[in-house]
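What follows is the residue order along each chain.
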Amino acid sequence: MVKMKLQLALLFAVLCGAAQAQQPIGNVAVQDATVAGELTVNNGRAVLVANTTVTAKDHTADVTLNRGGSIHVCATSGLHITAGKSTTGPAPLMLSLDRGAIEVQMAATTSDVIMTPDLRFGIASNGPLDLMLRVTSNGDTCVENRGANAPILTGSDAFGEASYNLRPGQHVLFEHGSLKEVVDNESSPCGCPPAPAPGLSLADAAIKGGNTKQVVEAQHPFPAAISNGLAPAASVPQAPQGVVHAQVDTTLNYDANGNNSSAPQPPSEPAEANAPATVQAASPVAAEPPTPAPQHHSDVGHWIGHFFKRLFGRG
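Everything in this summary refers to the structure shown in the same document. Note that this is a predicted model, so its numbers are computed, not measured. (Residues numbered from 1 in each chain as written. Predicted model: local features only at pLDDT ≥ 70, side-chain atom pairs only at ≥ 80, totals over all residues. Heavy atoms only, no water.)

Turning next to the packing of aromatic side chains. Aromatic ring pairs are described here by two measures, namely the spacing of the ring centres and the angle between the planes. For the structure on display, the rule yields 2 aromatic pairs. Both rings, one in F121 and one in F174, keep their centres 6.1 Å apart while their planes meet at 45°; by these two values the pair is tilted. You can see F121 sitting in strand β9 (residues 119–123) and its partner F174 sitting in strand β14 (residues 171–174), a full 53 residues away along the chain. There is no split in this pair, since F121 and F174 are both buried. Their ring planes at 85° and their centres at 5.3 Å tell us that Y164 and F174 sit as a pair that is edge-to-face. Of this pair, Y164 sits in strand β13 (residues 163–166) while F174 sits in strand β14, placing them 10 residues apart in sequence. (Phe/Tyr/Trp six-rings, centres within 6.5 Å; stacked < 30°, edge-to-face > 60°. Helix = DSSP H or I, 4+ residues; strand = E, 2+ residues; numbered from the N terminus. Buried < 20%, exposed > 50% of the residue type's maximum accessible area, 1.4 Å probe, protein only.)

Listed below in C-alpha cells is the structure:
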C-alpha cells in the first residue's frame, strides 16, 4: 500500500510538471507573424506554448503575454521565447533576439533572461520592465532601459570576461556586441522604427546596417531628395525618334539695375531645315511712303513748256 501511494504521488508530480510545462506563454495574431514551435491556433491567434519562435512580417507583431504585459516584435525581426518552470509566481521567460528589434513591457522577475547573439542580460530585481532592444547585422546592440523604476539589467558577454550594469533610464550602444566598447549617451532609437514608406521596410534597412539614402529617398521624393543630394536628378526627356525638336542651352542672369545685357541670347546654331516655323508678333512700325516711279523724258518736256507758257501769260 505504501509503495502504491508513492507511485501515485510520483505520477501526480510528473503530470503536474507536464501540465505546468504546457502552460501557454501568450498569443499573437497569425496575420502579423510566422510562428514556429509548440503552438495551437484559436480564432486567428497563435497560442504560444513552451518554446516558440515568432518572426514578424512586414509590420510589428504584438505578443500578448499570459503573465501580463506584451512584447512588440518589430517588422522582419525574429524572437525566440522559452518558458521555464515555477512553483510560485509567473513562469520565468527567456527572450532571445537573433536580429532586428523588440520592445518589452512586463513585470520582470529575477528569473527572466534576455539574450542576443553576443550578450546576456539578467534582471537584478523585480520591477516594471520597459525595454527597447535592437541588434544589427554587425552586432551593434542598442539597449534602452526606460523608466525611473525599471530594474537594473546585468549584462555579460558569452565568455563571462566583462559585465555591465544598465541602470534605470540608461540608453547605451554596445558596438559590435562588446561590453568594452560602450557608447553611454546613445541617441538613436532602439525599438521599432517608424512605419515604412510603401515598398520599403525601415526595420529591414536598420537591421541590414541602415541604408539612410534609400530610406530618405523613399520618404522624400523629388525635389527634396534631389536638392539634398539623396537622389539622382532626372535626365532630360528625349523626343521620340523622327520627331523634330529644339533645345535651348543658355544661362539666365539677373541684373537688379534692369540692364538688357542680362537677357538670354538665342541659340547660335541655325534651325533645322524641317523644323516648323515660329511665328512672332512684330512691333508696329510706321509705314514708309512708296518710292515714286522715275519720270519719263516726255513728262519733263511737257513741264518746261507749261512753265514758259505761264511766264509769258499765254493760256
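Read on, since the account is not over.
Moving on: the pairing of strand β5 (residues 70–73). Within a regular beta strand, the side chains point alternately toward one face of the sheet and then the other, so they alternate between its two faces. Side chains of β5 alternate between two faces, with S70 and H72 and I71 and V73 buried alike. With 4 bridges connecting them, strand β4 (residues 61–65) and β5 associate as antiparallel partners. Counterpart to A61 in the pairing with β5 is V73. Where β4 folds back on β5, the antiparallel hairpin that results is connected by 4 residues, among which G68 adopts a positive phi of roughly 105°. Where β5 lies against strand β7 (residues 93–108), 4 bridges are found, and the strand directions are antiparallel. Bridging from a neighbouring strand, I71 pairs with V104 of β7. (Pairing = 2+ DSSP bridges.)

Let us look at the nonpolar core. In summary, soluble globular proteins display a tendency toward joint burial of nonpolar side chains. Judged by nonpolar contacts, the single largest core of 38 residues is most densely connected at V63, I71 and I81. The contacts of I81, once residues within four sequence positions are left out, are I25, L48, A50, N51, T52, V54, V63, L93, M94 and L95. (Core = buried A, V, L, I, M, F, W, Y, C linked by side-chain atoms within 4.5 Å. Contact = heavy atoms within 4.5 Å.)

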